[in-house]
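The chain contents come next:
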Amino acid sequence: HRLRVRESGRKLHINIHMVVPRYLPLDKVHELEIGMTADLSVALDRPVDFMMHVDPCRPNYCSLCSVQNCPVREKDQTDFSGWTSRSLVVSFTKD
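Each chain carries its own residue numbering, running from 1 in the direction its sequence is written. Selection of residues for local features in this predicted model requires a pLDDT of at least 70, selection of side-chain atom pairs for listing and counting requires 80 or more, and totals for whole chains, interfaces and linings are taken over all residues. Hydrogens are left out, water is left out, and the side-chain values use all remaining heavy atoms of the structure.

**Comments concerning unusual backbone geometry**
Here comes step 1: Phi angles above zero are rare outside glycine, and D45 is one such case at about 55 degrees.
Here comes step 2: Each residue is assigned to one of three classes by its accessible area relative to the maximum for its type, calculated with a 1.4 Å probe on protein chains only: buried under 20%, partly exposed between the two thresholds, exposed over 50%. Using a relative accessible area of 59% as the deciding quantity, one classes D45 as exposed.
Here comes step 3: Although it is not a glycine, N69 sits at a positive phi angle of roughly 55 degrees.
Here comes step 4: You can see N69 is positioned in the loop between β3 (48-56) and α2 (85-93). Helix and strand definitions here come from DSSP, where helices need a minimum of 4 consecutive H or I residues and strands a minimum of 2 consecutive E residues; each element is numbered from the N-terminal end.

Written out as structure tokens, the structure reads:
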């Protein structure tokens, strides 16, 4: 729900706030951050310093959530405009 990017030489410093399922174990959240860092660095062909601030999901986020078969979902998904490694790469490479 928040994204900040700055450049220092060839290196991109990316800070993102993400909402993750509240039942997701911390080691899985850490794996997500490592995977996104690697994906972005490869796709952008430059070093990336990726910092992820994590917020647990709340019922009011259900309509935006793309998690399939969520055990704590309280509302149907009606929209999804979240960030993925792919959407971040596209936004960084646009002229």
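That covers the picture; the talk isn't over yet.
**Some points on the nonpolar core**
Here comes step 1: Residues L12, I14, I16, M18, V20, V29, M36, L40, L44, V48, F50 and M52 constitute the largest nonpolar core, which totals twelve residues.
Here comes step 2: Counting residues per element, this core draws most heavily on strand β2 (residues 11-20), at five residues.
Here comes step 3: Note on contacts: a residue pair is in contact if any heavy atoms of the two residues lie within 4.5 Å. Each residue touching V48, except ones within four places of it in the same chain, is listed here: K11, L12, I14, T37, L40 and S41. Among the buried residues, those of types Ala, Val, Leu, Ile, Met, Phe, Trp, Tyr and Cys that are joined through side-chain atoms within 4.5 Å form a nonpolar core.

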